[in-house]
Amino acid sequence: GAGVSQTPSNKVTEKGKYVELRCDPISGHTALYWYRQSLGQGPEFLIYFQGTGAADDSGLPNDRFFAVRPEGSVSTLKIQRTERGDSAVYLCASSGGAQETQYFGPGTRLLVL
Amino acid sequence: DQQVKQNSPSLSVQEGRISILNCDYTNSMFDYFLWYKKYPAEGPTFLISISSIKDKNEDGRFTVFLNKSAKHLSLHIVPSQPGDSAVYFCAASGLHSGGGADGLTFGKGTHLIIQP
């Protein structure tokens, strides 16, 4: 079956612009996670959805970052007023439920100029 | 403060020999540990996991060992193959470990290079 997909694969934007990153989880997976990976670092947790609700958003760095999952499947990570420090690979993962193995998508490479 | 540490940024091993990747953690609330493998421009791929109630889990060429008293785990790959060349991430989670419910806490990764 299809794995986790993310679009776009690459995104270049200018400082101050708004961006949306999309994640399609594995069909039937109820849990969805967003992570951010900066150069030379491991992925860093941002937010976790169980179904439609954000069960934990404690990893979001500030209020410029927001994520939604309105129908419990596809999720969108939204970044307002982008800054150069937001440049990173944004990874999405899904799992069959809490405490189950997370499967990652290929990531979206965001570059803020 | 890094809760999951992979102290070797890179490791070079000859093809056919054993590769041993190490990982240390500091949060005693972690109860589930995973290893992911990552190729350039791809997302991490799940390799193997271990629950804190076990001290060993084996899957083909891959074995993970957990030493809870030392807060240390290791991944053994034997025999090592050229396709094993990648970055390996150690990750941990726990219901009450903090840092986001079931979100994983990752180390910085070890770049494994298999020499022919």
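Everything below is about the structure printed above this text.
Residues numbered from 1 in each chain as written. Chains lettered and ligands numbered in written order. Predicted model: local features only at pLDDT ≥ 70, side-chain atom pairs only at ≥ 80, totals over all residues. Heavy atoms only, no water.

Helices and strands together make up the secondary structure of chain A, namely 0 helices and 11 strands. Going from the N terminus to the C terminus, chain A shows its helices and strands as β-β-β-β-β-β-β-β-β-β-β. Taking 2.2 N^0.38 as the reference for a compact globule, 113 residues should give roughly 13 Å; the C-alpha atoms of chain A span a radius of gyration of 13 Å, in line with that estimate. Dimensions along the principal axes, computed over C-alpha positions, put chain A at roughly 35 × 25 × 25 Å. Within chain A, the proportion of its 113 residues that are buried is 46%. (Helix = DSSP H or I, 4+ residues; strand = E, 2+ residues; numbered from the N terminus. Rg over C-alpha atoms; globule rule 2.2 N^0.38 Å. Buried < 20%, exposed > 50% of the residue type's maximum accessible area, 1.4 Å probe, protein only.)

All names here are of chain B. Its location among the elements puts threonine 105 in strand β10 (residues 105-106). The exposure class assigned to threonine 105 is buried, which follows from its relative accessible area of 18%. Not counting residues up to four positions away in its chain, the partners in contact with threonine 105 are Gln3, Val4, Phe30, Cys90, Ala91 and Ala92. (Contact = heavy atoms within 4.5 Å.)

Right, let's get into the pattern of salt bridges. By the definition in use, this model includes 5 salt bridges over all chains. Of the charged contacts in the structure, one is a salt bridge between aspartate 86 of chain A and arginine 64 of chain A, with a shortest N-O distance of 2.8 Å. Placement of the pair is aspartate 86 of chain A in the loop between β8 (75-79) and β9 (88-95) and arginine 64 of chain A in the loop between β6 (53-56) and β7 (65-68), with a sequence separation of 22 residues. By the burial criterion, aspartate 86 of chain A is buried, and arginine 64 of chain A matches it. Glutamate 58 of chain B is paired through a salt bridge with lysine 56 of chain B; the nearest N and O atoms lie 4.0 Å apart. For glutamate 58 of chain B, a relative accessible area of 51% puts it in the exposed group. (Salt bridge = Lys/Arg side-chain N within 4 Å of Asp/Glu carboxyl O.)

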